[in-house]
Amino acid sequence: MNQLSPINTPYVNIIFIKLKSKLPPRFQKYASFGIIPKIILTPVTFFILFLVMLIRPILIVQFYPVDWQIGHMLVITHANQLRNKNWNRKHKRKKITIYCFFGLVSSEYALTKIGQTIPVVRNHLAWNLNFYARQLPNTRIYYPEQTKIQHYEDLDPLINFTQEEKEEGRAFLGERIDKFVCLNVRDSAYNAHINKEFGASAKNWTNRNSDINSYRNAAEFLADIGYTVFRMGSIVASSFDFDNPKIIDYATNGMRTEFLDFYLAHECHFAISTSSGWDEIPTLFRRPLLLVNHFDPLMTLSKNCLVHPKMLFDTKSGRLLSLSETIDMHQSGKTNQKRYSLQDFGIEVIDMSSEDLVEAVTEMAQRVEGTFVETPEQKEMQAKLKHILSTHPKLQPTPNYYPIRAEFASCFLSRYPNFLDGLD
């Protein structure tokens, strides 16, 4: 199944195609935007909205447009379901949300499974409901910022495997794979593909990308200590080939399915990623997550997460930026890749070295296995860092920023002790 596919409503599309073919050629291009099926579905839309307003005295029904990206899809639905759960616990008049998906979707499997748990409307009807609901009071909702500060992983996952799926997943792993790690490295290939093929709005976010080849030593280390490593991904820039049978390039060797994207994230001992939408899958299943080469360490939502960030290097002063300076860079908006280039400010983004990555995965494996021991110096730095993150006025949870719940890797603090300079 294609990782990015248009959402289809078969019967409506058949009618649409027949009607479109009967139009004069000069009008057919306008029908390509879905105008005809939207018009056909308008009476149905108005009837649904009429029912919504009719039952409002006893039940609040709201419509929520959901982005096509897998990370947004999972976070938005889970965060809002948790919001509704908290509301319904305190109020007699209950609230439900109908989630609107229209256009493209990053994972058909995810959307199908979510739709088995919560109300989902798709395609042109979803577009209509989202559009017209905005004309009614308190009917169409959207939380572009507040969603991000929800403890969304505290909600039971909306995606559950059937018994058949569990058997399929176990058969895939077989007896030869005892413990394994999922490795997800973001690069430019996926966003470049959807921009080219679908014209979808997706930024390459160059500063968030990494070179998969720099992870080779880390993967070999994990294999040496008994882990199987699955390199995750859908459309990737290059292969990750090894002679070692314990390192599997799942992204390119033909094994990959949308179901296994979720099953492997659910079953892994821990996941390693570089900050992308896929991270939300192990997060929702409460699997330990190691974020390496994390460009924005101030946006770490998951509690069960260890972070080793990229570093910002000031080419004018010839030194790495401290945490205080990093906070100022992010808060000023200079790290917003939609608006600025860090190079214009004399800032270079430094990726982790191969040695950094080996240290980080070593620490993560030891933490998961319960054998990690911090040095007194590391404990002191961790205590100082936690105090800073919990008291710094620019980092407190607000509607405009994010709470920092993750823990920074001790090996990172040891390697960059000056990171905490200037902060008490």
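Heads up: the structure comes first, above all this text.
Residues take numbers from 1 onward in each chain, read along the sequence in its written order. Note on the predicted model: pLDDT of at least 70 is required for a residue's local features to be given, and 80 or more for side-chain atom pairs to be given and counted; whole-chain, interface and lining totals, by contrast, use all residues. Side-chain measures were taken over the full set of non-hydrogen atoms in the model, leaving aside hydrogen atoms and water.

Student: Mind showing me how you'd approach the overall build of the chain here?
Tutor: Numbered from the N terminus, helices here are DSSP runs of H or I no shorter than four residues, and strands are runs of E no shorter than two. In terms of helices and strands, the chain carries 16 helices and 15 strands. Going through the 424 residues of the chain one by one, you find that 50% of them count as buried. In this description, contact between two residues means that some pair of their heavy atoms is separated by no more than 4.5 Å. Of the contacts formed within the chain by residues at least 6 apart in sequence, a portion of 70% connects residues at least 24 apart. Computed by Shrake-Rupley with a 1.4 Å probe, the accessible areas treat only the displayed protein chains as cover when residues are assessed. Accessible area of the chain: about 20200 Å², with a carbon and sulfur share of 55%. Partly exposed describes any residue whose relative accessible area lies between the buried limit of under 20% and the exposed limit of over 50%, with all areas from a 1.4 Å probe on protein chains only and scaled to the type maximum.

Student: I keep staring at the pattern of salt bridges and nothing clicks. Help me out?
Tutor: Oppositely charged side chains may form a pair once their charged atoms are brought near each other. Here, a salt bridge means any side-chain nitrogen of Lys or Arg that lies within 4 Å of a carboxyl oxygen of Asp or Glu. Taken as a whole and assessed by the stated rule, the structure comprises 13 salt bridges. For the salt bridge of glutamate 108 with arginine 122, the shortest nitrogen-to-oxygen distance reads 2.5 Å. One end of the pair, glutamate 108, is in helix H6 (residues 108–115); the other, arginine 122, is in strand S5 (residues 120–122), with 14 residues separating them in the sequence. Given the relative accessible area of 16%, glutamate 108 is considered buried. Note that aspartate 261 is salt-bridged to arginine 256, the shortest N-O span being 2.8 Å. Given a relative accessible area of 9%, aspartate 261 falls into the buried group. Shared partners join several salt bridges into a network, and the residues in it are Glu363, Arg367, Glu374 and Glu407.

Student: It is not clear to me how unusual backbone geometry should be interpreted in this structure. Could you clarify?
Tutor: Generally, phi is negative for residues other than glycine and the peptide bonds are trans, each holding for most cases. Even without being a glycine, asparagine 123 presents a positive backbone phi close to 60°. Take asparagine 123: it is sitting in helix H7 (residues 123–133). Phi is positive for serine 275, which is not a glycine, with a value near 80°. Along the chain, the position of serine 275 falls in the loop between strand S9 (270–273) and helix H12 (280–284).

Student: When you look at the packing of aromatic side chains in this model, what are you seeing that I'm missing?
Tutor: By convention here, two paired aromatic rings are described through the distance between centres and the angle between planes. Aromatic rings from Phe, Tyr and Trp, taking only the six-membered ring of Trp, are treated as a pair when their centres fall within 6.5 Å; an angle between ring planes under 30 degrees marks them as stacked, one over 60 as edge-to-face, and anything in between as tilted. Under the definition given, this model contains 20 aromatic pairs. Consider the rings of phenylalanine 412 and tyrosine 416, whose centres lie 5.4 Å apart with planes at 45°: the pair is tilted. Comparing phenylalanine 412 with tyrosine 416 shows no difference in burial state: the two are buried. Chaining the aromatic ring pairs together yields one cluster made of Tyr109, Phe161, Phe259, Phe262, Tyr263 and Phe285. For a Lys NZ or an Arg CZ to count as sitting over a ring, it must be within 6 Å of the ring centre and within 35 degrees of the ring normal. The side chain of lysine 38 reaches across the aromatic face of tryptophan 127, ending 5.0 Å from its centre. Directly above the ring of tryptophan 87 sits lysine 95, whose terminal nitrogen or CZ lies 4.0 Å from the centroid.

Student: Quick question: what am I supposed to make of the sheet that holds strand S15 (residues 407–408) here?
Tutor: Strands in a sheet are paired, the pairing made by backbone hydrogen bonds, and the direction either parallel or antiparallel. In short, DSSP must find at least two bridges between two strands for them to pair. Read across the open sheet, the 7 strands follow the order S8-S7-S6-S9-S10-S11-S15; overall the sheet is parallel. A strand with exactly one partner marks an edge of an open sheet, and here the two such strands are strand S8 (247–248) and S15. With 4 bridges joining them, strand S6 (residues 180–184) and strand S7 (residues 228–231) adopt parallel strand pairing. Looking at S7, one finds that valine 181 is bridged to valine 229.

Student: What am I meant to see in the sheet that holds strand S13 (residues 319–320) here?
Tutor: The strand order across the open sheet built from 3 strands is S13-S12-S14, with neighbouring strands paired in antiparallel fashion. Of all strands in the sheet, those bounded by a partner on one side alone are S13 and strand S14 (347–350). Note that strand S12 (residues 311–314) and S14 share 4 bridges and pair antiparallel. Across the sheet, residue aspartate 314 finds its bridge partner in S14, namely isoleucine 347.

Student: Is there a simple way to explain the environment of lysine 303 in this structure?
Tutor: Summarising the element assignment, lysine 303 is placed in the loop between strand S10 (289–294) and strand S11 (305–309). Sequence separation between lysine 303 and threonine 283 is 20 residues; the distance between their C-alpha atoms is 8.8 Å.

Student: Sorry, what's going on with the pairing of S9 here?
Tutor: Successive residues of a regular strand alternate their side chains across the two faces of the sheet. Side chains Phe270 and Ile272 of S9 all project onto a buried face; the interleaved residues Ala271 and Ser273 project onto the opposite face, where all are buried too. Pairing analysis gives 4 bridges linking S6 to S9, with the strands arranged parallel. Paired with leucine 183 across the strands is isoleucine 272, a residue of S9. Summarising the sheet, S9 and S10 pair through 3 bridges and their orientation is parallel. Looking across to S10, one finds that serine 273 is bridged to leucine 291.

Student: Honestly, the nonpolar core in this entry has me stumped. Any pointers?
Tutor: Note on soluble globular proteins: their nonpolar side chains tend to be buried together. In terms of nonpolar packing, the biggest core is built from 48 residues, with Met73, Leu74, Phe180, Cys182, Phe230, Phe262 and Leu264 touching the most fellow members. Elements represented by at least two residues in this core include exactly helix H5 (70–90), strand S3 (94–101), H6, S6, helix H11 (258–267), H12, S10 and S11. Considering each element in turn, this core owes the most residues, 7 residues, to H5. Every residue in contact with phenylalanine 262, bar those within four places of it in the chain, is listed here: Ile70, Leu74, Ser107, Tyr109, Ala110, Ile159, Phe161, Ile281 and Phe285. What we call a nonpolar core is a set of buried Ala, Val, Leu, Ile, Met, Phe, Trp, Tyr and Cys residues that are connected through their side-chain atoms within 4.5 Å.

Student: What should I look at first to understand H11 in this one?
Tutor: Spacing of three or four residues puts side chains on the same side of an α-helix, whose turn is 3.6 residues. In terms of burial, H11 is a largely internal element, 8 of the 10 residues being buried. Considered for burial, the residues of H11 that qualify are Glu258, Phe259, Leu260, Asp261, Phe262, Tyr263, Leu264 and Ala265. Contacts from the buried residues of H11 go to H5, H6, helix H8 (163–173), S6, S7 and H12.

Student: Explain the pairing of S12 to me, please; I cannot follow it from the model alone.
Tutor: With 2 bridges connecting them, S12 and S13 associate as antiparallel partners. For phenylalanine 313, the partnering residue across the bridge sits in S13 and is leucine 320. Here S12 folds back onto S13, and the loop between the two strands holds 4 residues, one of which, glycine 318, carries a positive phi near 70°.

The values are spatial; any link to function lies outside them.
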